[in-house]
Amino acid sequence: MAASIPPAPPGFTRLLMKSKFGAGRDFRVLDPQTEEQLFLVDGKIGTRPKADVQGADGTVLYRVRGRLLGIPKRMDVTDADGSQYAHLHAQAFKFVKDKIDVTLATGEEWLLEGDVIEKNYTVNDSAGRHVIQISQKWIQVRDQYVIDIADGVQPAAALALVWAVDRWVERD
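Notes on the structure follow. A quick note: this is a predicted structure, and the numbers were derived from the prediction, not measured.

With that settled, consider the overall build of the chain. Along the chain, the regular secondary structure elements total one helix and 12 strands. Mapped from its N terminus to its C terminus, the chain presents α and β elements in the order β-β-β-β-β-β-β-β-β-β-β-β-α. A separation of at least 24 residues holds for 34% of the contacts in the chain among residues at least 6 apart in sequence. Put simply, the chain shows about 8300 Å² of open surface, and 52% of that area lies on carbon and sulfur atoms.

Okay, here's the thing in structure tokens:
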């Protein structure tokens, strides 16, 4: 299966994210050519969605914590030290989730647009440049998808954002 996935576009790193089908919504993140595990997104069970993004050695790199019952919904991403990296938030009373705002700790605004239910969406930076692209275009099995991450974007941080969106959609 990995051989059928084409290489990433220039300026991007391509990863394959596969659900582990267990409690907590865990994902293994693999090199799409070798299927070597590069990251683990370890989802936690509880009333509020939360996950740890771990490197191949098990070191926690980013954490995701959510508040999905409030209006508006919000998911926070922090680094391993607990410093805010980003938060995702939707406009209050907007039920169609084709756009989700992402505010980085630096103040930069990113915009997630596309079909989040079908896992085909992009995250654009404030200049409109694609920084993350999520697609099931080349995937035949549900609950796994391709993630293209622009050079200069931390892959583990991008994975934290993708997990947050995945949980957001599942809770709607």
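Moving on from the coordinates now.
Here we come to the environment of D125. Structurally, the position occupied by D125 is in the loop between β10 (120-124) and β11 (130-135). With a relative accessible area of 13%, D125 lands in the buried category. Placed 14 residues apart in sequence, D125 and L111 show a C-alpha to C-alpha distance of 6.7 Å. A distance of 3.0 Å separates the side chain of D125 from the backbone nitrogen of A127, its partner in a polar contact.

What follows deals with the pattern of salt bridges. Inspection of every chain in the model, using the stated rule, returns nine salt bridges. Connected through salt bridges with shared partners, the residues D42, K44, D52, R63 and R65 form a single ionic network.

Here the distance between the centres and the angle between the planes together describe a pair of aromatic rings. This structure, assessed with the given rule, holds two aromatic pairs. A centroid spacing of 5.4 Å and a plane angle of 70° characterise the contact between Y62 and Y85, whose relative ring orientation is edge-to-face. Placement of the pair is Y62 in strand β5 (residues 60-67) and Y85 in strand β7 (residues 84-89), with a sequence separation of 23 residues. Of the two residues, Y62 and Y85, both sit in the buried class.

So, about the side chain of T122. With respect to the secondary-structure elements, T122 resides in strand β10. Look past the residues within four positions of T122 in its chain and what remains in contact with it is L111, L112, E113, H130, I132 and Q133.

Looking at the secondary structure, you find D148 in strand β12 (residues 144-150). Among the polar contacts made by the side chain of D148, one reaches the side chain of R14 at a distance of 2.6 Å. If near-sequence neighbours (up to four positions away) are discounted, D148 is found in contact with A8, P9, F12, T13, R14, V131, I132 and Q133.

Summarising the element assignment, W110 is placed in strand β9 (residues 109-115). W110 sits in the buried class, given a relative accessible area of 6%. Residues W110 and D125, 15 residues apart in the sequence, show an inter-C-alpha distance of 4.5 Å.

Turning our attention to the environment of V123. Within the secondary structure, V123 sits in strand β10. The class for V123 is buried, based on a relative accessible area of 3%. Spatially, the C-alpha atom of V123 lies 4.2 Å from that of L112, the residues being 11 residues apart in sequence. Those residues within four positions of V123 in sequence are excluded, and the remaining contacts are W110, L111, L112, R129, H130, V131 and I132.

With that settled, the discussion passes to the nonpolar core. M17, V41, L88, W110, I132, I147 and L159 are the most contacted members of the largest nonpolar core, which has 44 residues in total. Here this core takes 12 residues from helix α1 (residues 155-171), the largest share from any one element. Ignoring anything within four residues of it in the chain, the contact list for M17 reads F27, R28, V29, V41, D143, Q144, Y145, I147, L159, V162 and W163.

Conventions adopted
- Residues numbered from 1 in each chain as written.
- Predicted model: local features only at pLDDT ≥ 70, side-chain atom pairs only at ≥ 80, totals over all residues.
- Heavy atoms only, no water.
- Helix = DSSP H or I, 4+ residues; strand = E, 2+ residues; numbered from the N terminus.
- Contact = heavy atoms within 4.5 Å.
- Areas by Shrake-Rupley, 256 points an atom, 1.4 Å probe, with all protein chains shown as cover.
- Buried < 20%, exposed > 50% of the residue type's maximum accessible area, 1.4 Å probe, protein only.
- Polar contact = N/O pair within 3.5 Å; in protein donor to acceptor, adjacent residues only side chain to side chain.
- Salt bridge = Lys/Arg side-chain N within 4 Å of Asp/Glu carboxyl O.
- Phe/Tyr/Trp six-rings, centres within 6.5 Å; stacked < 30°, edge-to-face > 60°.
- Core = buried A, V, L, I, M, F, W, Y, C linked by side-chain atoms within 4.5 Å.

Function cannot be read off these values alone, since they describe shape.
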